[in-house]
Amino acid sequence: MLKSKAKWDFFCEKKQAFTPSTILKSLYHERGLLSKEEQQQFLQPKLSDLESPSKFEEITKAKDRILAAIENKEKIIVYGDYDADGITSTALLISVLKDLGAICDFYIPNRFTEGYGLNTNVLEQFKKQAVSLVITVDNGIASNIEADYAKKLGLDLIITDHHEVQEDIPDAFAIIHPLLSPNYSFKHLAGVGVAFQFAHYLLDEMPIHLLDLVAIGTIADLVPLTKENRMLVSNGLKQIQKSRNLGIKALKKICNLNGSITERDVGFSIAPRLNAVGRLQSARLAVELLLTEDKEIAQQIAEEIEELNIERKQIVSNIVKEAEQKVNENEVDGFIILYDEDWHEGVLGIAASKLVNKYDRPVMMLTYKEETDELKGSARSIPAFNLFENGMEIRHLFTNFGGHAQAAGMTFPFENLEEISEHLNRQILSQLNEDDFKQIINVHSSLSIDTVTEELVTQINQLAPFGMGNEEPIFHFISKPTQIRQIGQVKNHLKLQFMENGHRIDAIGFGLGHLYYYISPQSEIEVVGKLQINEWNGNRTVQVLIEDIAVNERQLLDFRGRQSAANINPYIASFKNNLIVCNDREKIYHYVSDFNDITVISYNEHIETLPHTEILFIYDLPSELNTLEKIIYKTNPNFIHASYTITENAYLQSIPNRDDFKWLYAYLYNYCPIHLNVDLPSVMQMKKWTKDKIIFILKVFLDLQFITIRDNVIYINKNAEKKALHTSKTYQKRVEQGKIEKLLYYSTYEELKSWFENSIRINSSTEEELLHGS
């Protein structure tokens, strides 16, 4: 049994049958697209359907001020942010201002020394540089103090932003914000979307050539890809494909992106590289990349950014390993809080997200600032726990705190750590039950393997670009894999292969390589994942990108006859509560490399009080079936690992027949006493019998007291009582051993698994009857 990591929430009933044509109709229905007109608008989003930017409050006032500044040759600063949305917003507005003839420059605050948003010290520097107009992009709506300071300095401030509006609005010259514009109906533009509409209004025409920047910033900021964002991104992805922006072209080259560009290409290749700059140093470099008109410089900057991204990945990997070690060394809380003075604050949000996915807990990761005795970092949450609301309840304990339901940034005095931890743990444990901690995967429907074709994937991809509000459909499959293997340089990915009615598809689970040891090839597996077209060496195949896996049955890991360290140690390392049952404990030490979390017992030990175990290793065959039955029932394992082999081969070596026993008895009766070492070889040659066969018959005779053996000499007991052969313990043991080998070694996988299941079920029923007297 392998439990799914997340809860699967099905839009359609699991048993509902689908064909490629009905799937698309169901996907329309899921998105509320009921009419042909709605479906057509969704499939072919048009820029002409964008609302007029004139509907933004104060946009005319802002335009007039900028045009006046241009006419009067005033210095203008575009004040951006260090994430991909802020970077693209900055590059977009600077490009438009330069086209209009403005004297302008941009400023990106340093994440580490200045933090997010406007900064009074920087505003003061602007004043000294004779700047008269500051325009924010992707920030400013929470900068009340800074807006007042700008006004005091005589700086006009125009704020363009999309973040949540606070209770008090900054006293700025003008604010362009969807949430403060009642006549502008779409409220979910990214910062770059707001900047684009502002640019549209400034130019009196839509700057379509800048849609590549809009698509990158919008996808990176994880805003809902519906309505206007869908229009901007759909057309922006096409613009990236043919972009003349030298910086974007250089990024595409670095990312090996050719041909059509998807939202996945932006979200997993382009945007992370832009974000990496601001995470490790000043993001100004990323803006310069998007503004340069020199091909060589663009390539140089792109290569520098690539190096920063590689460094960022390594830093994240190291921090995650250290954080996992900290978690594993302590009892896991409802809310995990970790800190280290050497952790790089620029990547803590990424690291926290990885830990949330692993532990299904909100995670706050912090770096310690010795100079101020403060902790600073980021937190990520699970869907069931609102990080922002619960954090705001103890706002007084933070120096700085901001964010939303699933993500937040914070700074606070080190002395407040314990109180913050106690409060958040108390809140989460009072609000959630155990099941609430599991994350939710929304599954559209269950499909059979043979319905998944390239045509189906092409139809589904008509609904792209996918993102928040228009999630890429996830489907459910249930089948027995024809192949299971680990892939990747360090075997950290999982590849499954399924076949139904001659139709084959592969399924890839990135980062799921560890599950290889939890899946028996003969088990029926349930997989939920997204459908993709994989292109390799000119071949196109359909594959499933695995989101989660479950096996809803007890699993048998069948290594019968392959008793080796290579077939045992990886499973011991992967499981907790390991129990090994064997005949000789000493033999185990030759195979097992690590005895942590392992219990080893032999069949002849007292086994009445065995605890439940996750995996039971059956290393040797038992001499009695009921002993093994009892162990299986008592431990009730989720996995059974069978690696035993046979030594006697009692099943294949048939028991000598009655005539064989009669012939040897008559021979002994006539020729005893005889010497074992002298006479037995002649018997073997005469009858063409094996030595084992003769020894077995002699042991039976000894049991029945037909003979005695002294000093390797056999004596016949002519006065022995007549007894049936089957009353001999040796005879009975051979019969029993043959049955055991037939059942446990020579049986099919299904027969053996059925016997294990029955051992648990039958013993459980017997215990119930004894308890209740029925």
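Our subject is the structure that appears above.
Rules behind the numbers
- Residues numbered from 1 in each chain as written.
- Predicted model: local features only at pLDDT ≥ 70, side-chain atom pairs only at ≥ 80, totals over all residues.
- Heavy atoms only, no water.
- Patch = residues over 30% accessible without salt bridge, like charges linked within 9 Å, V, L, I, M, F, W, Y side chains within 5 Å.
- Areas by Shrake-Rupley, 256 points an atom, 1.4 Å probe, with all protein chains shown as cover.
- Salt bridge = Lys/Arg side-chain N within 4 Å of Asp/Glu carboxyl O.
- Lys, Arg positive; Asp, Glu negative; His and termini not counted.
- Charge placed at Lys NZ, Arg CZ, Asp CG, Glu CD.
- Helix = DSSP H or I, 4+ residues; strand = E, 2+ residues; numbered from the N terminus.
- Buried < 20%, exposed > 50% of the residue type's maximum accessible area, 1.4 Å probe, protein only.
- Pairing = 2+ DSSP bridges.
- Axes fitted to C-alpha atoms, helices over the stretch in contact; angles between N-to-C directions.
- Parallel < 35°, antiparallel > 145°, perpendicular 65-115°, else oblique.
- Left-handed = near helix turned anticlockwise from the far one by under 90°.
- Contact = heavy atoms within 4.5 Å.
- Nonpolar A, V, L, I, M, F, W, Y, C, P; charged D, E, K, R; others polar.
- 1 Å grid on protein atoms, 1.4 Å probe; cavity = no way out; pocket = protein on both sides within 12 Å on 5 of 7 lines; lining within 4 Å.
- Points joined across faces, edges and corners; volume = space filled by probe spheres on them.
- Core = buried A, V, L, I, M, F, W, Y, C linked by side-chain atoms within 4.5 Å.
- Polar contact = N/O pair within 3.5 Å; in protein donor to acceptor, adjacent residues only side chain to side chain.
- Phe/Tyr/Trp six-rings, centres within 6.5 Å; stacked < 30°, edge-to-face > 60°.

*Asks:* Quick rundown of a negative patch on the surface? Include the residues and the values.
*Replies:* A cluster of acidic side chains, namely Glu-322, Glu-341, Asp-342, Glu-370, Glu-371, Asp-373 and Glu-415, defines a negative patch on the protein surface. Relative to the helices and strands, Asp-373 is located in the loop between strand S8 (363-369) and strand S9 (374-380). Residue class for Asp-373 comes out partly exposed when judged on its relative accessible area of 37%.

*Asks:* A description of a nonpolar patch on the surface should follow, citing residues and the corresponding values.
*Replies:* On the surface, a nonpolar cluster with roughly 280 Å² of combined accessible area is contributed by Tyr-651, Leu-652 and Tyr-746. Mapped onto the elements of the fold, Leu-652 is located in the loop between strand S24 (639-642) and helix H21 (658-671).

*Asks:* An account of a positive patch on the surface is requested, with residue identities and associated values reported.
*Replies:* Together, Arg-244, Lys-249, Lys-253 and Lys-295 line one region of the surface with positive charge. Positionally, Lys-249 belongs in helix H10 (residues 246-254). You can call Lys-249 partly exposed: its relative accessible area is 43%.

*Asks:* Before we move on, can you summarise the sheet that holds strand S26 (residues 707-710) with the specific residues and values?
*Replies:* In space, the three strands of this open sheet follow the order S25-S27-S26, with antiparallel pairing throughout. One side of each edge strand has no neighbouring strand; the edge strands of this open sheet are strand S25 (674-675) and S26. Pairing between S25 and strand S27 (residues 713-716): two bridges, direction antiparallel. From the neighbouring strand, Ile-674 faces S27, where its bridge partner is Ile-714.

*Asks:* Please give an account of the packing of helix H5 (residues 120-128) against helix H6 (residues 144-153) that cites residues and values.
*Replies:* For any two helices packed against each other, the geometry comes down to the angle between their axes and how far apart the axes lie. Contact geometry of H5 with H6 gives a least axis separation of 10 Å together with a crossing angle of 20°. Here H5 lies roughly parallel to H6, going by the angle between them. At the point where H5 passes H6, the crossing takes the right-handed sense. For the pair formed by H5 and H6, the contact residues are Thr-120, Leu-123, Glu-124 and Lys-127 on the first element and Glu-146, Tyr-149, Ala-150 and Leu-153 on the second. Here the contact of H5 with H6 is composed, by residue class, of four nonpolar, one polar and three charged.

*Asks:* Please set out the layout of surface pockets residue by residue, giving values where relevant.
*Replies:* Counted as a void, the second largest pocket has a volume near 440 Å³. If you trace the second largest pocket, you find 15 residues lining it, with Ser-95, His-209, Leu-210, Asn-245 and Glu-293 closest to the centre. Elements represented by at least two residues in the lining of the second largest pocket include exactly helix H4 (84-99) and helix H12 (284-291). A per-element tally of the lining of the second largest pocket places H4 first, with three residues. For the lining of the second largest pocket, the residue count by class is four nonpolar, six polar and five charged.

*Asks:* Describe in detail the side chain of Asn-229, supporting the description with residues and values.
*Replies:* Looking at where Asn-229 falls in the secondary structure, it is placed in helix H9 (residues 227-241). Given a relative accessible area of 0%, Asn-229 falls into the buried group. Those residues in contact with Asn-229 that sit more than four places away from it in its chain are Phe-186, His-188, Leu-189, Ala-190, Thr-218, Val-223 and Pro-224.

*Asks:* Explain the nonpolar core to me, using residue names and the numbers behind them.
*Replies:* Counting 120 residues, the largest nonpolar core has Leu-92 and Met-365 as the members making the most contacts within it. Top contributing element to this core by residue count: helix H13 (residues 295-328), with 11 residues. The residues touching Leu-92, leaving out its near neighbours within four places in the chain, are Val-192, Ala-195, Phe-196, Ala-199, Leu-210, Leu-213 and Val-214. Counting 53 residues, the second-largest nonpolar core is a separate cluster that includes Leu-447, Leu-456, Leu-496 and Phe-575.

*Asks:* For the pairing of strand S17 (residues 503-509), give the residues involved together with the corresponding values.
*Replies:* With five of its seven residues buried, S17 lies for the most part within the structure. Direction of pairing for strand S16 (residues 493-500) relative to S17: antiparallel, over a ladder of seven bridges. Across the sheet, Gln-497 pairs through a bridge with Asp-506, a residue of S17. Hairpin connection between S16 and S17: a loop of two residues separates the two successive antiparallel strands, and Asn-501 in this loop has a positive phi of roughly 50°. Pairing of S17 with strand S19 (residues 539-550) involves three bridges; the strand directions are parallel. Residue pairing across strands places Asp-506 opposite Gln-543, the latter belonging to S19.

*Asks:* Give a description of the pattern of salt bridges that names residues and reports values.
*Replies:* On inspection of all chains with the given rule, the structure shows 25 salt bridges. A salt bridge links Asp-171 to Lys-151, with the nearest nitrogen and oxygen atoms 2.8 Å apart. On the criterion of sequence distance, the pair formed by Asp-171 in the loop between strand S5 (156-160) and strand S6 (174-176) and Lys-151 in helix H6 is long-range, its members being 20 residues apart. Among the ionic pairs, Glu-535 bridges to Arg-540, the shortest N-O distance being 2.8 Å. Using a relative accessible area of 55% as the deciding quantity, one classes Glu-535 as exposed. Connected through shared salt-bridge partners, Arg-65, Glu-74 and Asp-156 make up one network.

*Asks:* Can you break down the side chain of Ser-89 residue by residue, with the values?
*Replies:* Considering the arrangement of structural elements, one finds Ser-89 in helix H4. Accessibility expressed as a relative area gives 0% for Ser-89, which makes it buried. A distance of 3.0 Å separates a polar side-chain atom of Ser-89 from the backbone nitrogen of Val-192. Filtering out sequence-adjacent residues up to four positions away, Ser-89 remains in contact with Val-137, Asp-138, Gly-191, Val-192 and Ala-195.

*Asks:* Can you tell me about the packing of aromatic side chains, naming the residues and giving the values?
*Replies:* Enumeration over the complete set of coordinates arrives at 29 aromatic pairs. With centroids separated by 5.7 Å and ring planes inclined at 80°, the aromatic side chains of Tyr-107 and Phe-126 adopt a geometry described as edge-to-face. Note that Tyr-107 is positioned in strand S3 (residues 103-107) and Phe-126 in helix H5, a separation of 19 residues in sequence. The class of Tyr-107 is partly exposed, set by a relative accessible area of 22%. For Phe-126, a relative accessible area of 3% gives the class buried. For the ring pair Phe-661 and Tyr-731, a centre distance of 6.3 Å and an interplane angle of 50° mean the geometry is tilted. Of this pair, Phe-661 sits in helix H21 while Tyr-731 sits in helix H24 (residues 729-744), and the two are 70 residues apart along the sequence. In this structure an aromatic cluster arises from ring pairing among Phe-661, Tyr-665, Tyr-669, Phe-696, Phe-701, Phe-706 and Tyr-731.

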